[in-house]
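Architecture and fold: a report
Each chain is listed here by its residues.
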Amino acid sequence: MTGGQMAPTTILGQTTTLHREEGKREGMGSDQSQRNARRCQGKRYIERTAVNSPANILKTKKAIAKAFRVQLEDMLFAVEVLSPCPTNWKMDTVESCKWIDEVMAVHFPLGVLKISPE
């Protein structure tokens, strides 16, 4: 996402450039459970990763490679990547990387969300 609009991973109460006053409220955009339910229908491989540290970047590369292998087997996939945005978060780079671990990953846990044989 660019330009400071809300993203699916914008946390309740978090402000953005376009929503400076009130921040994200209930009912603005899809909440996590609704998003996950819609996204998981028919999918066979879903993983959430982050790119805020060297270790997480390696995990993200592996998740994307696995997604391609799954697709080659005519299976569906999705990879969601949590990425820092220091400019719009009004933080320095190190703070924004920590914020992913300390705040975002609490609301949007990293890891394999679904592998199904359907």
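Residues numbered from 1 in each chain as written. Predicted model: local features only at pLDDT ≥ 70, side-chain atom pairs only at ≥ 80, totals over all residues. Heavy atoms only, no water.

Membership of the largest hydrophobic core is limited to seven residues, which are A50, L82, W89, W99, I100, M104 and F108. Take this core: its biggest share by element is three residues, from helix 4 (residues 93-107). Discounting residues that sit within four places of it in the chain, L82 has contacts with T9, R48, T49, A50, V51, I100, M104, A105, F108 and L110. (Core = buried A, V, L, I, M, F, W, Y, C linked by side-chain atoms within 4.5 Å. Buried < 20%, exposed > 50% of the residue type's maximum accessible area, 1.4 Å probe, protein only. Helix = DSSP H or I, 4+ residues; strand = E, 2+ residues; numbered from the N terminus. Contact = heavy atoms within 4.5 Å.)

Scanning all chains against the criterion turns up one aromatic pair. Between W89 and W99, the aromatic rings sit 4.8 Å apart at their centres with planes inclined by 55°, giving tilted as the arrangement. Highlighted residues: W89 in helix 3 (residues 86-89) and W99 in helix 4, separated in sequence by 10 residues. Relative accessible area serves as the criterion here: at 18%, W89 is assigned to the buried category. (Phe/Tyr/Trp six-rings, centres within 6.5 Å; stacked < 30°, edge-to-face > 60°.)

All right, on to helix 2 (residues 54-72) then. With 19 residues, helix 2 extends 27 Å from end C-alpha to end C-alpha; this agrees with the ideal 27 Å at 1.5 Å per step. All buried positions along helix 2 are accounted for by N56, T60, A63, A67 and V70. Looking down the long axis of helix 2, one finds its buried residues gathered within 85° of arc, a one-sided arrangement. Seen from the open side of helix 2, the exposed residues pointing more than 90 degrees away from its buried face are P54, L58, K61, K62 and L72. Here the buried face of helix 2 lies against strand 1 (45-50), strand 2 (77-82) and helix 4. Once helix 2 finishes, D74 follows within two positions and takes phi at roughly 60°, a positive value. (Expected span 1.5 Å × (residues − 1). Arc of directions from axis to C-beta.)

Interpretation note: all reported values are geometric properties and have no functional meaning in isolation.
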